[in-house]
Amino acid sequence: MTQEQLPENAFRELKEGEKYEPVMDPREHHPEVTAWSVTWGVIMAMLFSAAAAYLGLKVGQVFEAAIPIAIIAVGLSTAAKRNRALGENVIIQSIGACSGAVVAGAIFTLPAIYILQAKYPEMSASFVKIFISSLLGGVIGILFLIPFRKYFVSDMHGKYPFPEATATTQVLLSGSRGAGQAKPLLVAGLVGGLYDFCVATFGLWNENFTTRVVAWGETLADKAKLVFKVNTGAAVLGLGYIVGLKYALIITLGSLAVWWLIVPGMALAFPDTVLNQWDPSITAAVGDMSPEEIFRAYGKSIGIGAIAMAGVIGIIKSWDIIVGSVKRLGGGRKTAAGAADGAAAEAEESKQDLPFRFVLWASAATLALVFVFFWLGVMDGNLLFAAVAIILTAVIAFLFTTVAANAIAIVGSNPVSGMTLMTLILASVVMVAVGLKGASGMVAALVMGGVVCTALSMAGAFVTDLKIGYWIGSTPRKQETWKFLGTLVSAATVGGVMMLLNETYDFASGQLAAPQANAMAAVIDPLMNGIGAPWALYATGAAIAIALTLCKVPALAFALGMFIPLELNVPLVVGGAINWFVTTRSADAAVNKERGEKGNLIASGFIAGGALMGVVSALLRFCGVAFDHSAWWASPLSEALSLAAYALLVTYFIRATRK
């Protein structure tokens, strides 16, 4: 297997009359869809769906599976000595990468049903609801993105950085170094997996280090409402490395703004006040609450408002893209019909995608199935509720598709949780207006949010696949076709894993953080019960997002940090700092680049290994194999040992990049 290289103009804008030539010559036949690629793609989709579901519910971040799947695909094809495997590896990665997209759509919303069950026992979720909402949402995301493919991957060539697609493409092209690429990933996966397994299963050390470990830290938390926390897990550390220092720092600054400014500030301003207008369950005065309680009751609502406003700003910025793509759809239809208008190149381009007529009718059929699902499976046969729900779902999913794709193209991360929060707010307000309230209304809103969330998550992931295929020379039509299979497999897997994790940990118990799902539950509960919502806090967050945007600060990243717990944000900075350190220490730019790439492999291994072993730990607990380490974790020594273990893990990470 020979190593291929991207053309010189792969990452820059094309000059007048210049054309990009992909790695695989389109005039030659290259194996793409084979029994090998489809089989391994399905296996990767199942495996990484399980891993991503656990990690996402644990820390609120779903890792993108594209890079580790690409590395494994290259390693497998190298070990099997398959010739001309580049096209096959693209298909393996494309099918397998459905895992992260479908998982994000499901776990950010649907666990909220289980969380709210503790308060409303009449609420229920089932495998069928999880599976159908995830499957149909994923299909909508694929179909809605296809009209935008040419704009993002071709028209904007060289204008968008596509960070994740760039890294994945480089991995796929490293065929001659397949075994060398796979080995550090597997070793890091073993190290990270065993590290996190020791914590999750045996509790050998505490999973968090906090300033409460010393007496003055406990006093500071109680009196001044100030506390510092860091999760010492391997998977979260690897995630921070992939995110990078810039965005990790912005996310953590958002978290510190809430925990070190807003939380203490509220305790100082309202020491004897019970701010319970929107939540009667809050009976304690702000000054009597712990920092964690103030954050959950009030601080997160400000972050929710900021995320929702960041989503609106994203739509406004993307409006020209939406209008232009709709116009291209009409033009593409005329071209496909054979209109002799001289647009031969456009006609050839349109043939690379699934036919416009198919996309149109498939979209209509999928939305019809969603309507039937809402009508008979969620709305108990109420035609009005189902009609309103499908209109909201279709419009929001289509408008936000470009926002998701744009975010992935620029920064490599999808703000799907913020857009879904806004969807839930809109859905709750509208559904209450037409008469759907209470527990049944909450289930309906969450299922609607699940469909939209999966659609947007899939759209963001799919634009990465299509850009990879554009650089390498894969056939878009084949990628688009087989993406549906990956969605089906991932939806079935995540449904089973989610029910397993709920049986094992009980989402309502708080053993799994599920921060996005908890935020969704917090949003719709008051709205659906006529209690009202913390609109003042939402408005404060929205104002912060607007101010950040005016100051050219990524509002979405900052807002995400505002409602994800502090201990899960600080490790992102640690991982990002490692990234900066290993890529700047040498005077030789080539050495820094090589160390950075090695770090990507190690970080991916930490993420995949830690998440997969988390699933193993959950299975053991489900089977009754559990160790009670609560007394040990209550000891400050467990946190001290946690910090020591974390220091060793960071040291290993840095030293491993220098080999």
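An account of the accompanying structure is given in this report. What you are looking at is a predicted structure, and each value in this text was computed from that prediction instead of being measured. (Residues numbered from 1 in each chain as written. Predicted model: local features only at pLDDT ≥ 70, side-chain atom pairs only at ≥ 80, totals over all residues. Heavy atoms only, no water.)

### Quick notes on the overall build of the protein chain
Thinking step 1. A count of helical and extended segments in the protein chain gives 27 helices and two strands.
Thinking step 2. Taken across its 659 residues, the protein chain has 58% of its residues classed as buried.
Thinking step 3. Taking contacts inside the protein chain between residues at least 6 apart in sequence as the whole, the part at least 24 apart equals 83%.
Thinking step 4. Surface exposure of the protein chain reaches about 25,500 Å², of which carbon and sulfur atoms provide 66%. (Helix = DSSP H or I, 4+ residues; strand = E, 2+ residues; numbered from the N terminus. Buried < 20%, exposed > 50% of the residue type's maximum accessible area, 1.4 Å probe, protein only. Contact = heavy atoms within 4.5 Å. Areas by Shrake-Rupley, 256 points an atom, 1.4 Å probe, with all protein chains shown as cover.)

### Topic: the side chain of Gln479
Thinking step 1. Along the chain, Gln479 falls in helix H20 (residues 476–505).
Thinking step 2. Engagement of the side chain of Gln479 in a polar contact is seen with the backbone oxygen of Asp465, the distance being 2.9 Å.
Thinking step 3. Beyond its immediate chain neighbours, meaning those up to four positions away, Gln479 contacts Val90, Ile91, Ser94, Phe462, Asp465, Leu466, Gly469 and Ser474. (Polar contact = N/O pair within 3.5 Å; in protein donor to acceptor, adjacent residues only side chain to side chain.)

### Here we look at the nonpolar core
Thinking step 1. In terms of nonpolar packing, the biggest core is built from 203 residues, with Met123, Tyr298, Phe374, Met379 and Leu446 touching the most fellow members.
Thinking step 2. Here the element with the most residues in this core is helix H19 (residues 438–472); it accounts for 23 residues.
Thinking step 3. Setting aside residues up to four positions removed in sequence, Phe374 forms contacts with Met379, Ala386, Ala389, Ile390, Thr393, Val447, Met448 and Val451.
Thinking step 4. Trp36, Met44, Ala73 and Ile92 belong to the second-largest nonpolar core, a separate cluster that totals eight residues. (Core = buried A, V, L, I, M, F, W, Y, C linked by side-chain atoms within 4.5 Å.)

### Regarding the packing of helix H12 (residues 245–269) against helix H13 (residues 291–317)
Thinking step 1. Interhelical geometry of H12 versus H13 gives an angle of 105 degrees and a closest axis separation of 10 Å. Here H12 lies roughly perpendicular to H13, going by the angle between them. Contact residues: H12 offers Val258, Trp259, Ile262, Val263, Met266 and Ala267, while H13 offers Pro291, Glu292, Ile294, Phe295, Tyr298, Gly299 and Ile302.
Thinking step 2. When the residues that make up the contact of H12 with H13 are grouped by side-chain class, the tally is eleven nonpolar, one polar and one charged. (Axes fitted to C-alpha atoms, helices over the stretch in contact; angles between N-to-C directions. Parallel < 35°, antiparallel > 145°, perpendicular 65-115°, else oblique. Nonpolar A, V, L, I, M, F, W, Y, C, P; charged D, E, K, R; others polar.)

### Focus on the packing of aromatic side chains
Thinking step 1. By the definition in use, this model includes 17 aromatic pairs.
Thinking step 2. When the ring of Tyr151 is compared with that of Phe152, the centres are 5.0 Å apart and the planes differ by 85 degrees; the resulting orientation is edge-to-face. Taken as a pair, Tyr151 and Phe152 share a single burial class, namely buried.
Thinking step 3. Measuring from centroid to centroid gives 5.3 Å for Phe606 and Phe653, while their planes differ by 85 degrees, and the two rings are edge-to-face. With Phe606 in helix H25 (residues 589–622) and Phe653 in helix H27 (residues 636–657), the pair connects residues that are 47 residues apart, well separated along the chain. For the residue pair Phe606 and Phe653, the accessibility class agrees, reading buried in each case.
Thinking step 4. These aromatic residues form a ring-pair network of at least three members: Tyr241, Phe606, Tyr652 and Phe653.
Thinking step 5. The ring of Trp580 carries Arg585 above its face, with NZ or CZ at 5.0 Å from the centroid. (Phe/Tyr/Trp six-rings, centres within 6.5 Å; stacked < 30°, edge-to-face > 60°. Lys NZ or Arg CZ within 6 Å of the ring centre and 35° of its normal.)

### Some thoughts on a nonpolar patch on the surface
Thinking step 1. Taken together, the side chains of Phe202, Leu204, Val625 and Phe627 define a hydrophobic patch exposed on the protein surface, amounting to about 340 Å² of accessible area.
Thinking step 2. Position of Val625 relative to the elements: it lies in the loop between H25 and helix H26 (630–633). (Patch = residues over 30% accessible without salt bridge, like charges linked within 9 Å, V, L, I, M, F, W, Y side chains within 5 Å. Salt bridge = Lys/Arg side-chain N within 4 Å of Asp/Glu carboxyl O.)

### Brief notes about the pattern of salt bridges
Thinking step 1. Taken as a whole, this structure holds eight salt bridges when the rule is applied.
Thinking step 2. Residue Asp155 pairs with Lys150 through a salt bridge whose shortest N-O separation is 2.7 Å.
Thinking step 3. Across the pair Glu218 and Arg212 runs a salt bridge, and its minimum N-O distance is 3.6 Å.
Thinking step 4. A network of salt bridges, in which partner residues are shared, links Arg212, Glu218, Lys229 and Glu292.

### Details of helix H11 (residues 234–243)
Thinking step 1. Summarising burial for H11: eight of the ten residues are buried, a large majority.
Thinking step 2. The complete set of buried residues in H11 reads Ala234, Ala235, Val236, Leu237, Gly238, Leu239, Gly240 and Tyr241.
Thinking step 3. A positive phi of about 90 degrees marks Gly244, the residue just after H11.

### A closer look at unusual backbone geometry
For residues besides glycine, phi is generally negative; the peptide bonds are generally trans as well.
Thinking step 1. Here the phi dihedral of Lys81 falls at roughly 55 degrees; this positive angle occurs in a residue that is not glycine.
Thinking step 2. Within the secondary structure, Lys81 is located in the loop between helix H2 (66–79) and helix H3 (86–96).
Thinking step 3. Phi at Lys552 takes a positive value of approximately 65 degrees, unusual for a residue other than glycine.

### Focus: the environment of Ala66
Thinking step 1. One can find Ala66 in helix H2.
Thinking step 2. Classification of Ala66 by relative accessible area gives buried; the value is 3%.
Thinking step 3. Spatially, the C-alpha atom of Ala66 lies 8.7 Å from that of Ala461, the residues being 395 residues apart in sequence.

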